[in-house]
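Structural characterization, general
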Amino acid sequence: QLTMSLNSSTLNEENSQGPKRNTECVESLELQTPSSFQDNPLQQLQLASQEVLEKAKKSGRSKCPRCSSSRMFYCYTCFVPVETVPTKEIPTVKLPLKIDIIKHPNETDGKSTAVHAKLLAPDDVTIYKYPCIPEYKAKRHEIALIFPGPNSVSVRDIAFHLQKYTEKGACDHDDDCSGEPFLKQAKIEPKEEEKNLNEFISSNRTEGTRLKKIIFIDSTWNQTNKIITDERLQGLLQIELKTRKTCFWRHQKGKPDTYLSTIEAIYYFLVDYHQEILQENYKGQYDNLLFFFSFMYTLIKNAKCCAGKE
């Protein structure tokens, strides 16, 4: 999971110190405010019953029904629950758009939360292992990439900025796509900018702002440069998320707590999209994307408590 100090994104930032990893990762949670430990920061989520995970935890590791590998809860290579976790007892989340996750080949499968999205929203999520990724150029007017940077825009502004792709025929030239916002190109006065933006967003509610797919990168910060500079991703609208604090237990010690895990970034993007673009009240529609994440967070928190370290 990647964020810059003030901006949120999606790339996994792993600690590479061997046996000390679990202890340090749990300790890194203490960097958050004391109130977040007095109460579970994920306790307000509207989640399906996690009894099936409680039972599976007591049973221990089980076989993947496809590859027969021994796993806990789910197989992170086949993207399916293990035999002790019946698929029918796992919630399914319907998303308002499609999600592509581009995973760096060196990213450890078992430590990535990207698989959670595929398990819980199987019809709407696809995971690719770089460099085997799709060609996005023909659909750039309806696709965006979650990545912080100088040209990134907020979720609220997606509809407005996608307009320039349609105006320019889905970007005939890469330079046009990465250039200045359409508002400035059209020489609209600054005082009129916000008014026009609000009117544009309002007029595009029903069609979901033309956005059909969002791309997330699953990688360490150091590995992400090779992916983000790939020519197949050039010219895509880049989106940055609101700053939020992570609950990820593998968050690298010493890094800002605004570095989100992949599943957290997906969840928060969808919440923002639902409120800012669809302009509907959020009532927990995507909370079950954190079904596995919240359970594992609680396991680690409780394990530390039982060890007398909290």
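Before any of the text, the structure's been laid out above.
Every value quoted in this text rests on a predicted model; they were computed, and no experiment measured them.

For the rest of this paragraph, the subject is the environment of His274. Looking at the element boundaries, His274 is found in helix α10 (residues 262–276). For the pair His274 and Val155, spaced 119 residues apart in the sequence, the C-alpha separation amounts to 9.9 Å. When neighbours within four sequence positions are excluded, His274 is seen to be in contact with Gln279, Glu280, Asn281, Tyr282, Gln285 and Tyr286.

On to the pattern of salt bridges. Enumeration over the complete set of coordinates arrives at nine salt bridges. For Lys94, the salt bridge identified is with Asp124, shortest N-O distance 3.3 Å. Separated by 30 residues along the polypeptide, Lys94 in the loop between β4 (80–81) and β5 (98–103) and Asp124 in the loop between α4 (114–120) and β6 (125–129) bring together distant segments of the chain. Looking at Lys94, the relative accessible area reads 59%, which means it is exposed. Note on Asp124: relative accessible area 3%, which makes it buried. Here Lys213 makes a salt bridge to Asp100, at a shortest N to O gap of 3.4 Å.

Turning to the side chain of Asp218, a few remarks are in order. Along the polypeptide, Asp218 turns up in strand β9 (residues 213–218). For Asp218, the side chain forms a polar contact with the side chain of Ser112, separated by 2.6 Å.

Below, the discussion takes up the nonpolar core. Core analysis: the biggest nonpolar cluster contains 60 residues, and Ile99, Phe269, Leu289 and Phe292 have the highest contact counts within it. Among the elements that make up this core, the one with the highest residue count is α10 (nine residues). When residues of this core are assigned to domains, at least three map to each of domain 1 (45–90) and domain 2 (99–163 + 209–309). Non-local contacts of Ile99, meaning those with residues more than four positions away in its chain, are made with Asp124, Val125, Thr126, Ile214, Phe216, Ile266 and Leu270. Listed in part, the 13 residues of the second largest apolar core include Ile143, Leu145, Phe147 and Ile217.

What follows is about the state of the cysteines. Throughout the structure, instances matching the rule amount to zero disulfides. Of all cysteine sulfurs, the one in Cys67 lies closest to Cys64, which takes part in no disulfide; the gap is 3.7 Å. With a relative accessible area of 1%, Cys64 lands in the buried category. Of all cysteine sulfurs in the structure, the one in Cys64 sits closest to Cys75, which takes part in no disulfide; the separation is 3.7 Å. For Cys75, a relative accessible area of 0% corresponds to the buried category.

Turning our attention to unusual backbone geometry. Note that the residue after Tyr130, namely Pro131, is joined by a cis bond; omega there is 15 degrees. Of note, Pro131 is situated in the loop between β6 and β7 (143–146). At Phe73, a residue that is not glycine, the phi angle is positive and equals roughly 75 degrees. A residue is classified by how much of its surface remains accessible, and Phe73, at 6% relative accessible area, is buried. Here Phe79, not a glycine, exhibits a phi torsion of approximately 60 degrees, which is positive. Within the element layout of this structure, Phe79 appears in the loop between β3 (74–75) and β4.

Attention shifts here to the pairing of strand β10 (residues 237–240). As defined by bridge partners, β7 adjoins β10 across three bridges and the pair is classed as parallel. Bridge pairing in β10 places Ile146 opposite Ile239. In this structure, strand β8 (residues 153–154) lies alongside β10, joined through two bridges in parallel fashion. When the sheet's bridge partners are listed, Val153 is paired in β10 with Ile239.

What follows is about α10. Taking 1.5 Å of rise per residue, 15 residues should cover 21 Å, and α10 covers 21 Å from first to last C-alpha, within 8% of that figure. Counting buried residues along α10, 13 of its 15 residues qualify, which places the element largely inside the surrounding structure.

What counts, and at which threshold
- Residues numbered from 1 in each chain as written.
- Predicted model: local features only at pLDDT ≥ 70, side-chain atom pairs only at ≥ 80, totals over all residues.
- Heavy atoms only, no water.
- Helix = DSSP H or I, 4+ residues; strand = E, 2+ residues; numbered from the N terminus.
- Contact = heavy atoms within 4.5 Å.
- Salt bridge = Lys/Arg side-chain N within 4 Å of Asp/Glu carboxyl O.
- Buried < 20%, exposed > 50% of the residue type's maximum accessible area, 1.4 Å probe, protein only.
- Polar contact = N/O pair within 3.5 Å; in protein donor to acceptor, adjacent residues only side chain to side chain.
- Core = buried A, V, L, I, M, F, W, Y, C linked by side-chain atoms within 4.5 Å.
- Domains from an automatic or database assignment.
- Disulfide = S-S within 2.5 Å.
- Pairing = 2+ DSSP bridges.
- Expected span 1.5 Å × (residues − 1).

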